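# Structural overview for review
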Amino acid sequence: MGATKNMVRGTIFTIIYIVTTLVIPFMTFTWIKNLGSVEGTDIALAMDNARYNQIIFWVSAFGLIISGCAFFAYSAPSQSVRRGVFALIQIILNCLYIWSYKFSGATEIEFLLTVGSNEGAVAIDIQRMVMLYLGIYFLTIILKSYDLIDFIVNRKKIQERRIGE
Amino acid sequence: MLFQLDDILRAIAYYVGLILNFLKPYILPVGEWMIIWVEYLLNFFPTEDLTIYFAIFIFLIVIGAIVNSKWPGDKPKAIKEKKGERIDDSVAKCSNCGNALGDSEICPYCGHVNK
């Protein structure tokens, strides 16, 4: 009975991760690629093919591994060492996944503006924002590492509690 | 409703920005360090085709299913049986009403003396 319950939980989380790390980014980048310029202006939003292929490759690659790890982690019993290990691996892969977004050019946005005969450009570098996000992710790595150590050190207690339930 | 939502979103964005601005001097150097090792690790990932990633995905699912069916985290059968035995057989019961006796010979429930 426990095995079936675990498998169902693992499958549900795998589907959630496939949707959030593969399907939604894929659809978003495809939508951006097919965008023309903003109506009534010369602001081009379209993405070139090379960039699109590169980001889709990394999104698919890491999305697949993260979803696989999610199945392994969430189908494991709670507070088990294998759940701790795979949760930690998943967080590290998430960091790689987030950083791979820079290949899309999404971290360096530049708009060329033409108003009448005047031309100008607006550049937004959100690389620092990604850095900030990765810094917060580092705290999650510490938290997951602590969880793993806790599961290993208190393994006997956790097992006894599980048996006693 | 949508107009109200806009205000709520603005407020959330404001407070998130406030927290992030406060954390920025501490978190940003950590983020910079994270990028160094993330970029180093990315060099080891194959960039030719997705087959290897599909293989890893399927491998993780299959291994996860096998490991789970073998070690689902349930109570071991031996412990379950032992636990049942302790409750049913090792505790003395009153011959009159069947209530658990403990160390006493007199049943605390019906007062029957068990010899």
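Calculation rules
Residue numbering note: each chain is counted from 1, following its sequence as written. A letter from A marks each chain and a number from 1 marks each ligand, given out in the order of writing. Whole-chain, interface and lining totals are the exception, using all residues; otherwise, since this is a predicted model, local features are given only for residues with pLDDT of at least 70 and side-chain atom pairs are given and counted only at 80 or more. The way it works is that DSSP assigns letters per residue, a run of H or I at least four long becomes a helix, a run of E at least two long becomes a strand, and they are numbered from the N terminus. For the exposure call, what matters is how many other C-beta atoms sit within 10 Å of a residue's own: 20 or more marks it buried, 12 or fewer exposed, and in between partly exposed, using C-beta atoms placed from the backbone. Think of it this way: build a C-beta for each residue from its backbone, and any pair within 7 Å is a contact. Structural elements are reduced to axes, namely lines fitted to C-alpha atoms, with helices fitted over the stretch in contact, and the angle between N-to-C directions of any two is expressed from 0 to 180 degrees. The labels follow the angle: roughly parallel below 35 degrees, roughly antiparallel above 145, roughly perpendicular from 65 to 115, and oblique for the rest. Gly is put with the polar residues, along with every residue not named as nonpolar or charged; the nonpolar set is Ala, Val, Leu, Ile, Met, Phe, Trp, Tyr, Cys and Pro, and the charged set is Asp, Glu, Lys and Arg. Take the number of residues in a helix, subtract one, and multiply by 1.5 Å to get its expected span. Note on scores: pLDDT gives the predictor's confidence for each residue, bounded by 0 and 100. Linking buried Ala, Val, Leu, Ile, Met, Phe, Trp, Tyr and Cys residues through C-beta atoms within 7 Å yields a set, and such a set is a nonpolar core.

### Description of the overall build of chain B
A tally of helices and strands in chain B yields 3 helices and 0 strands. In chain B, the succession of helices and strands from N to C terminus is α-α-α. Taken over 115 residues, chain B has a buried fraction of 9%.

### Here we look at the overall build of chain A
Along its length, chain A carries 5 helices and 2 strands. Helices and strands appear in chain A in the N-to-C order α-α-α-β-β-α-α. Every one of the 165 residues in chain A was classed for burial, and the buried ones make up 24%. The contacts in chain A between residues at least 6 apart in sequence include a share of 66% that link residues at least 24 apart.

### Some details on the packing of helix H3 (residues 81-99) of chain A against helix H4 (residues 127-153) of chain A
Residues and elements named next belong to chain A. In contact at an axis separation of 9 Å, H3 and H4 are set at 170° when each is read in the N-to-C sense. Relative to H4, the element H3 lies roughly antiparallel. Packed against H3, whose contacting residues are Val-81, Gly-84, Val-85, Ala-87, Leu-88, Ile-91, Ile-92, Asn-94, Cys-95, Ile-98 and Trp-99, the element H4 presents Val-130, Tyr-133, Leu-134, Tyr-137, Thr-140, Ile-141, Lys-144, Ser-145, Asp-147, Leu-148, Phe-151 and Ile-152 at the interface. Partitioning the contact of H3 with H4 into residue classes produces 17 nonpolar, 4 polar and 2 charged.

### Overview of the interface of chain B and chain A
When the parts come together, some accessible area is lost, and that loss is often what is quoted as the size of the interface. On the side of chain A, 31 residues touch chain B, which itself brings 29 residues to the contact. Among the elements that take part in the side of chain B that touches chain A, helix H1 (residues 2-42) of chain B stands out by supplying 12 residues, more than any other.

### A closer look at H4(A)
Compared with the 39 Å implied by 1.5 Å per residue over 27 residues, the 39 Å span of H4(A) between its first and last C-alpha is a close match. Among the residues of H4(A), those classed as buried are A:Met131, A:Leu134, A:Gly135 and A:Tyr137.

### Re the confidence of the model for chain B
Residue and element names in this part refer to chain B. Scored by pLDDT, chain B comes out at a mean of 79, with 80% of its residues at no less than 70. Ranking the helices and strands of chain B by mean pLDDT puts helix H2 (residues 51-70) first, with 92, and helix H3 (residues 77-88) last, with 54. Scored by ipTM, the complex comes to 0.80, with pTM at 0.72.

### Details of the environment of A:Trp31
All names here are of chain A. One can find Trp-31 in helix H1 (residues 2-33). Judged by the 10 C-beta atoms lying within 10 Å of it, Trp-31 falls in the exposed class. For the pair Trp-31 and Ala-121, spaced 90 residues apart in sequence, the C-alpha to C-alpha distance is 23 Å.

### Some thoughts on unusual backbone geometry
Residue and element names in this part refer to chain A. Here Gln-79, not a glycine, exhibits a phi torsion of approximately 65°, which is positive. Here Gln-79 lies in the loop between helix H2 (49-75) and H3. The exposure class of Gln-79 is partly exposed, given the 18 C-beta atoms found within 10 Å.

### Here we look at the nonpolar core
Core analysis: the biggest nonpolar cluster contains 22 residues, and A:Phe62, A:Ile65, A:Ile66, A:Cys69, A:Ala70, A:Phe72 and A:Ala73 have the highest contact counts within it. Take this core: its biggest share by element is 15 residues, from H2(A). Excluding residues within four positions of it along the chain, A:Cys69 makes contact with A:Phe86, A:Ile89, A:Gln90, A:Leu93 and B:Leu60. Among the nonpolar cores identified, the runner-up in size contains 7 residues, and A:Cys95, A:Trp99, A:Leu134 and B:Met34 belong to it.

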